[in-house]
Amino acid sequence: GAGLTVALVEPADVTKRAVWLGATYGDPTPASREAVGDAAVCGLSLEPVYTGKAFHGLTQELLRDQAVFGPRVCFLHTGGIYGLFPKSKELEPLL
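Residues numbered from 1 in each chain as written. Predicted model: local features only at pLDDT ≥ 70, side-chain atom pairs only at ≥ 80, totals over all residues. Heavy atoms only, no water.

1. Observations regarding the layout of surface pockets
Note the following rule: Only protein atoms enter the 1 Å grid used here, on which a cavity is any set of points holding a 1.4 Å probe that cannot leave and a pocket is any open set flanked by protein within 12 Å on both sides along at least five of seven lines; residues with an atom within 4 Å of a point are listed as lining. Grid points are joined across faces, edges and corners, and a volume is the space filled by probe spheres set on the points. The nonpolar class holds Ala, Val, Leu, Ile, Met, Phe, Trp, Tyr, Cys and Pro. Asp, Glu, Lys and Arg form the charged class, and all remaining residues, Gly among them, are polar.
Size it by volume and the largest pocket reaches roughly 1300 Å³. Lining the largest pocket are 27 residues, and of these V14, T15, A54, F69 and F75 lie nearest its centre. Along the lines of polarity and charge, the residues of the lining of the largest pocket split into 17 nonpolar, five polar and five charged.

2. Description of the side chain of E47
We count it as follows: Each helix corresponds to a stretch of at least 4 residues labelled H or I by DSSP, and each strand to a stretch of at least 2 residues labelled E; elements are numbered beginning at the N terminus. In protein, a polar contact means a hydrogen-donor-capable atom and an acceptor-capable atom, both N or O and within 3.5 Å, with residues adjacent in sequence counting only if both atoms are side-chain atoms; elsewhere, any N or O pair within 3.5 Å suffices.
Relative to the assigned elements, E47 resides in the loop between helix 1 (30–41) and helix 2 (50–64). Of note is the side chain of E47, whose polar atom sits 2.8 Å from the backbone nitrogen of Y50.

3. Points about the side chain of S32
Counted only if it meets this: By the convention used here, residues are in contact when the closest approach between their heavy atoms is within 4.5 Å.
Looking at the secondary structure, you find S32 in helix 1. A polar side-chain atom of S32 sits 2.6 Å from the main-chain carbonyl oxygen of P48. Ignoring sequence-local partners within four residues, the contact set of S32 consists of P48, G52 and K53.

In structure tokens, the structure reads:
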């Protein structure tokens, strides 16, 4: 292998924050739309609801404190591709 070690993640290691959800859970926010555009510049395709909100939250935490997550950060993008299709016209200017 690549010599990588994988740490076991326990429930106590995970912090859930609702601050970036916006007024409604399943709808994009202006900040998540902006995060989609920022991610696209880096070659990441995010949909504007779930992964857009998660990416925005991650970047805001890193801007607040670069050491907040420790020396390495992994943004685990688990999908969301199907969320891109209904938002295609909305996303077009960002890509």
